[in-house]
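Letter by letter, the chains look like this.
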Amino acid sequence: MKKFLFVLLLFSATVSAQQALLHSPTGKLELTVSLDQAGILRYQLLQDGATVIAPSVLGVQFKDAEASFDRGMVWQAADTTVWSEMWEPVLGEESTIYNDYHLLTVKLSQPATGGQIMEVQFRLYDAGLGFRYYWPAQDKLNHFVIADERTQFSFNENPTAWWIPGDYDTNEYFYVKSTLGEVKASRSKAFTEIGTRHTWSEMGVQTPLQLKTAAGRYINIHEAALTNYPVMQLEITDGGYSAKAHLVPNIFGDKAYLQAPCQSPWRAINVGSKATDILASRMILNLNEPSKIKDPSFIKTTKYVGIWWEMHAGISTWDYAGTQDGSYDINNRKPSGKHGATTERTKVYIDFAAKHGLDAVLIEGWNTGWEDWFGKWKEDVFDFVTPYPDFDVPGLSAYAKSKGVKLIMHHETSGSVTNYERWMDTAYRFMKKYGYPAVKTGYVGKIIPRGEYHDGQWMTRHFNRVAEKTAAYGLMVNMHESHRPTGLNRTWPNWIASEAARGNEFNAWSSGNPPEHETILPFTRLMGGAMDYTPGIFEIKMSTYKPGATEQVHTTLAKQLALYVTMYSPLQMAADLPENYNKHLDAFQFIKDVALDWDETYYLEAEPGDYLTIARKAKGINEWFVGAITDENSRTATIDLSFLPAGKTYTLMLYRDAVDAHWEKNPMAYTIEKTQVNSGDKITVALAAGGGAAISIK
Ligand code: NOJ
Ligand code: CA
């Protein structure tokens, strides 16, 4: 056993032989890390003296190794440092972010393998705790394979949770609210129609996982800086009193292939005494590396329309031949007459964007391959450069340019990632040639290379490669189906948004998203970064297009407007058809006006699953926007305008549900009111069942 190490610190950290104690910058959180007689490492986290995380195991198990870093470890040293910085995101929910934490590094050795070394680094913020495993360069450890991560999150109780089932391939589930102990019994509530699915345990859940204790404390578990490791999901144990890390494997059961020096992602525990504390935390961004993009001038907020909803609503098709089943003659592809991405139709969207000052038009189904793109686990589907005969790439690119509108590229990989890797450079050069500044990617279907899952280490590395490569070409990227973000938009701000949850599209062709869905997403999916949720559907019932259809967006029209504020993203779609917006140009004005980049954000009120009200100040200008949403229950939102600078009068435009609005019975009834306000005012707004309100203030 090594000599005891005593470090006396100026900032309330104490380290003794087998134990270290650390406080967050204002002392709100307290962390204890200790090694027991069996050489097992544990941590414990308190907020204002109350337990957040009860003593919980830390450790990692290697494959085919004499011993691992999970027991029999020896405490070598512990070090502490103070960190304080301010940084400015390229685009964000606020223009200045404070990154203040106390760092504790515990160095451990494993005598059974001749003294291999691992460090556990803990960053303690007032908002929460981040920690990760780090393997420095060393003689005794070079290549290794992770078989299991022992990391545990234990509680003194069986907390309430908002969760989706653990799945190696998708996050497109309903959120279920239950105690952790009831996950198995409540599981069927999360299952709806989705394609590729690979659940792994009846006790498995995904992160970000939002928890609430009986005393009303909010705890959120996620990860940060996922660059070379599988996604962490969680297995609930001990009747809901504990959760253990479960890493997404490949088909061999291996979790991660690593070579020292290297590290795991950060395990991130946000803690709040109010629900809004969780939303206001910037810890996950702070745990990521600073931007690697030297000149970010190509990264811009983007408000776009697109040839998209019309396919989801069944009006037009992605494919030219209209079979979608491969039953066409490749040399004699006959147009079905329903193809969406035609030159003429694209011009309608370009004209609409130009007329209303929107930035861009997304076109899906422009390239060959859609007749046979799905469900065959086929390797060569798309080449990302060959348009259908009715889509004029050079002509449209010139037309868009003449109108001051950008075109957004679409790359559906259909899960054939080896194929996409082969085409990436060619495809990005094609985009540069025709002036496309951004690409939406997609990964529908089972992954190729076969044996990999969407959330494994191989795919993590692919998504990071796409971010890096698009950055090198000066392109923005919006990844669909990809695994959920972990704050990497700090490092790659061109990774402007992702999907990675049930988006608005599910409302077009499935049982949809329940009205509470958008009150939960900010506490779960959005904790890691922006979501391309595609709000703004005005024509709410699908029976408009398909007589007798029962599908509908589970919303009111006013709530669709509120989502532009409550669902943070610097990339926002106005997802409905130009024809539908033309019928409601007064309401469309809010979509035209709303900002996508912010100086300040004010989280006014929130409860996951019930309601959410957020106010934001636009970056660099004196304009404020507020979004208030509710679940299936009507409610009165109270909006305290004290975020406005005092001593001035402002013009407020309120877009709200009409008195008789109701998400099922009367979803499209709204009213617009104009009033004068000042910072001393508090306004109350009635939200319909499934409804919302949007406000702009100048
Ligand atoms: C699923 C994506 O989420 C959706 O936006 C897209 O239209 C389809 N895949 C086709 O790529
Ligand atoms: Ca609710």
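Throughout, residues of each chain are indexed from 1 in the direction in which the sequence is written. Here the convention is simple: chains get letters from A, ligands get numbers from 1, in the order in which they are written. For this predicted model, a pLDDT threshold of at least 70 governs which residues receive local features, and a threshold of 80 or more governs which side-chain atom pairs are given and counted, while totals over whole chains, interfaces and linings are taken from all residues. The basis for every side-chain value is the complete set of heavy atoms in the structure, and neither hydrogens nor water enter the calculation.

**Considerations on the site of ligand 1**
The condition that has to hold: Throughout, the term near means that a residue has one or more heavy atoms lying within 4 Å of the molecule or strand in question. Whenever two N or O atoms come within 3.5 Å, that pair is a polar contact, provided that in protein one can donate a hydrogen and the other can accept it, and provided that, for residues adjacent in sequence, both atoms are side-chain atoms. Note that accessible areas follow from Shrake-Rupley with a 1.4 Å probe, and for residues the cover is restricted to the protein chains shown. For this classification, Asp, Glu, Lys and Arg are treated as charged, while Ala, Val, Leu, Ile, Met, Phe, Trp, Tyr, Cys and Pro are nonpolar and the rest, including Gly, are polar.
In the vicinity of ligand 1 lie 13 residues, with Glu364, Glu412, Lys440, His480 and Glu499 positioned nearest. At 2.9 Å from an oxygen atom of ligand 1 is found a side-chain nitrogen or oxygen belonging to Trp308. One nitrogen or oxygen atom from the side chain of Glu412 is found 2.6 Å from an oxygen atom belonging to ligand 1. In isolation ligand 1 offers 290 Å² of accessible surface; the protein chains occlude 95% of this area. Here the residues of the shell around ligand 1 sort into four nonpolar, three polar and six charged.

**Here we look at the sheet that holds strand S38 (residues 692–697)**
Strands belonging to one sheet form pairs held by backbone hydrogen bonds; the direction of such a pair is parallel or antiparallel. Condition: Strand pairing is assigned whenever DSSP detects at least two bridges linking the two strands. The helix count covers DSSP runs of H or I at least four residues long, the strand count covers runs of E at least two residues long, and both are numbered beginning at the N terminus. Axis geometry follows a simple rule: fit a line to the C-alpha atoms, using only the stretch in contact for helices, then measure angles between N-to-C directions, giving values from 0 to 180 degrees. The contact criterion used is simple: two residues touch if any of their non-hydrogen atoms lie within 4.5 Å.
Here we have six strands laid out as an open sheet, ordered S31-S32-S33-S38-S35-S36, and antiparallel in their pairing. Where the open sheet ends on each side, the last strands, each with one partner, are strand S31 (598–607) and strand S36 (670–677). Each strand axis lies, on average, 15 degrees off the axis of its neighbour in the sheet, ignoring direction. Inspection of the sheet shows S31 paired to strand S32 (residues 611–618) by eight bridges, in the antiparallel sense. Within S32, the residue paired with Glu607 across the bridge is Tyr611. Strands in contact with helix H11 (residues 557–566) are S32, strand S33 (624–630), strand S35 (650–657), S36 and S38; relative to S33, the strand with the most contacts, it is inclined by about 125 degrees. Contacting S33, S35, S36 and S38, helix H13 (residues 585–593) crosses the sheet at an angle of about 120 degrees to S35.

**Remarks on the domain arrangement of the protein**
Interfaces are often sized by the accessible area lost when the parts come together. Applicable threshold: Delimitation of the domains relies on an automatic or database domain assignment. As used here, buried area is the combined drop in accessible area, with a 1.4 Å probe, of two parts when they are placed together. In what follows, salt bridge is the name for a side-chain nitrogen of Lys or Arg lying within 4 Å of a carboxyl oxygen of Asp or Glu.
On domain assignment, one finds that the protein holds domain 1 (13–286) and domain 2 (297–594). Once you take the C-alpha centre of each, domain 1 and domain 2 turn out to be 33 Å apart. Taken together, the contacts link 53 residues of domain 1 with 51 residues of domain 2. Here domain 1 meets domain 2 over a buried area of about 4,100 Å², counting both sides, of which 59% is carbon and sulfur. Considering only the surface of domain 1 that becomes buried against domain 2, Leu91, Glu172 and Tyr175 emerge as the three largest contributors, covering 17% of it. Run the count over domain 1 and domain 2 and you get two salt bridges. Applying the counting rule to domain 1 against domain 2 returns 20 residue pairs in polar contact (both at pLDDT 80 or more). With four residues, strand S18 (residues 218–224) is the single largest residue contributor to the side of domain 1 that touches domain 2. Of the residues in the side of domain 1 that touches domain 2, the class split is 28 nonpolar, 17 polar and eight charged.

**Quick look at the coordination of the calcium ion (ligand 2)**
The condition that has to hold: Donor selection uses N, O and S atoms within 2.8 Å of the metal (3.2 Å for Na, K and Ca). Since no water is included, sites may look incomplete. Burial classes: relative accessible area under 20% of the type maximum marks a residue as buried, over 50% as exposed, and values in between as partly exposed (1.4 Å probe, protein chains only).
Taken together, the protein donors to the calcium ion (ligand 2) comprise Gly609 (O), Asp610 (OD) and Asp631 (OD), at separations of 2.3 to 2.4 Å. Between the donor residues of the calcium ion (ligand 2), the gaps in sequence give the motif G-D-x20-D. On the accessibility criterion, Gly609 (3% relative accessible area) is buried.

**Points about a nonpolar patch on the surface**
Filter applied, for reference: Exposure above 30% relative accessible area and the lack of any salt bridge qualify a residue for a patch; like charges then connect within 9 Å, and the nonpolar side chains Val, Leu, Ile, Met, Phe, Trp and Tyr within 5 Å.
On the surface, a nonpolar cluster with roughly 370 Å² of combined accessible area is contributed by Ile251, Phe252 and Tyr257. Among the structural elements, Tyr257 can be located in strand S21 (residues 256–259).

**Observations concerning the side chain of Lys617**
Looking at the element boundaries, Lys617 is found in strand S32. Its relative accessible area of 12% is what places Lys617 among the buried residues. At a separation of 2.8 Å, a polar atom in the side chain of Lys617 contacts the side chain of Asp599. Other than its neighbours up to four places away in sequence, Lys617 contacts Asp597, Trp598, Asp599, Glu600, Tyr602, Asn622, Glu623 and Trp624.

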